[in-house]
Amino acid sequence: MGTSLLFGVVTSSALVLGAFVGVRFELPKRLLAMILSFAAGALITALTFELFEDAYERGGIWLAAGGLFIGAVVFTVLSAILDRWAQAGSRPVPADEYRGSPKLDTDAAATGRAPSTASTRGAAGLALLAAATLDGVPENLALGVSLGEGTGGLALLAAIFVSNLPEALVGAASMRSQGMSTSSIIRLWGLCSVVLVIAVVVGAGPLSGSNPETISLPLAFAAGAVIAALADTLMPEAFEHGGPAVALSTAAGFVVSFLLSLA
């Protein structure tokens, strides 16, 4: 239980750290893009070796594939709703002029360009807070399960940490642009981190003792949510603001996470 609590605190601390940086500093857009792409590479390793492979071994291909598609569909639908929420009141962007996910407007946290209307309204920050909770709960449940069964989890720990950081950073910067107080911003992201710590503890406790088929579904669901997040938000945003160079940081994230998975 102590180990699961420690891992939960470590992964969730990225939310508080990112929120603190987001309300205090403005970072170069290219650096934010590199952070996003590194997170994407780390998540590729995690979803392959820590999530979907475990789901397949526990429940077979049909249950694992079904859970993966359910996770992808749920994340995609809710992400689209969050995008509309963040973009409400803004000028609609034509389909042939895609400018990334409105809820992950890195202009709110970076130097060089003014934040979008969605960010200055603060909706983007709240939408990102909801998104971090949406994909964070199944990921942290999966982390807890791996810890409860003694199968490691370092790769998943690293992947969750580096993906939480930019979400909280950009989200907090958006809330700051709206005029929300620093204490309120830190409190909101801190509450989200507490929820994710609880998810790790639940995964390492009652959930890890369940039947393999029961555990397979949340693992596969988390993998599907991660795949959807990669395709829907992280990779498009990273390439838009970082250009082809993000391919190298994505590869670096993959290698670092893979090495951790061997530990």
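Conventions used here
- Residues numbered from 1 in each chain as written.
- Predicted model: local features only at pLDDT ≥ 70, side-chain atom pairs only at ≥ 80, totals over all residues.
- Heavy atoms only, no water.
- Helix = DSSP H or I, 4+ residues; strand = E, 2+ residues; numbered from the N terminus.
- Buried < 20%, exposed > 50% of the residue type's maximum accessible area, 1.4 Å probe, protein only.
- Contact = heavy atoms within 4.5 Å.
- Axes fitted to C-alpha atoms, helices over the stretch in contact; angles between N-to-C directions.
- Parallel < 35°, antiparallel > 145°, perpendicular 65-115°, else oblique.
- Left-handed = near helix turned anticlockwise from the far one by under 90°.
- Nonpolar A, V, L, I, M, F, W, Y, C, P; charged D, E, K, R; others polar.
- Expected span 1.5 Å × (residues − 1).
- Phe/Tyr/Trp six-rings, centres within 6.5 Å; stacked < 30°, edge-to-face > 60°.

A separate point is the overall build of the protein chain. A tally of regular secondary structure across the protein chain gives eight helices and two strands. Classification of the 263 residues of the protein chain by burial places 51% in the buried group. Sequence-distant contacts in the protein chain: of pairs separated by 6 or more residues, those separated by 24 or more amount to 85%.

Along the polypeptide, Trp189 turns up in helix H6 (residues 182-204). It is 6.8 Å that separates the C-alpha atoms of Trp189 and Ala19, two residues lying 170 residues apart in sequence.

The subject of this paragraph is the packing of helix H5 (residues 154-178) against H6. At a minimum axis distance of 10 Å, the contact between H5 and H6 shows a crossing angle of 150°. When the interaxial angle is binned, H5 and H6 end up roughly antiparallel. With respect to the hand of their crossing, H5 and H6 are arranged in right-handed fashion. Packed against H5, whose contacting residues are Asn164, Glu167, Ala168, Gly171, Ala172, Met175 and Arg176, the element H6 presents Ile185, Leu188, Trp189 and Leu196 at the interface. The class makeup of the residues in the contact of H5 with H6 is seven nonpolar, two polar and two charged.

Another aspect to go through is the side chain of Thr45. Its place among the elements puts Thr45 in helix H2 (residues 29-87). A relative accessible area of 0% means that Thr45 is categorised as buried. For Thr45, the contacting residues outside a window of four places in its chain are Glu50, Phe254, Ser257, Phe258 and Ser261.

Turning to helix H1 (residues 2-24), a few remarks are in order. Spacing of three or four residues puts side chains on the same side of an α-helix, whose turn is 3.6 residues. Here H1 spans 32 Å end to end across 23 residues, near enough to the 33 Å set by a 1.5 Å rise per residue. All of the buried residues in H1 are Ser4, Phe7, Gly8, Thr11, Ser12, Ala14, Leu15, Gly18, Ala19, Val21, Gly22 and Val23.

Below, the discussion takes up the packing of H1 against H6. One can describe the packing of H1 onto H6 by two numbers: an axis separation of 8 Å at closest approach and a directional angle of 160°. In terms of their interaxial angle, H1 and H6 are classed as roughly antiparallel. For the pair H1 and H6, the sense of crossing is right-handed. Contacts from Ser4, Leu5, Gly8, Val9, Ser12, Leu15, Val16, Ala19, Phe20, Val23 and Arg24 in H1 reach Thr182, Ile185, Ile186, Trp189, Gly190, Cys192, Ser193, Leu196, Val197, Val200, Val201 and Ala204 in H6.

It is worth spelling out the environment of Leu156 at this point. Along the chain, the position of Leu156 falls in helix H5. Each C-alpha atom of the pair Leu156 and Ala46 lies 5.0 Å from the other, and the pair is 110 residues apart in sequence. When near neighbours in sequence (up to four residues on either side) are disregarded, Leu156 contacts Ala46, Glu50, Leu51, Glu139, Ala142 and Leu143.

Time to look at the packing of aromatic side chains. In this structure the tally under the stated criterion is two aromatic pairs. Here the aromatic rings of Phe254 and Phe258 are separated by 6.3 Å at their centres, their planes lie at 10°, and the arrangement is stacked. Taken together, the residues span about one helical turn, with Phe254 and Phe258 both in helix H8 (residues 246-262) at a distance of four residues. The exposure class assigned to Phe254 is partly exposed, which follows from its relative accessible area of 32%. Site record: aromatic cluster; members linked through ring pairs are Phe49, Phe254 and Phe258.

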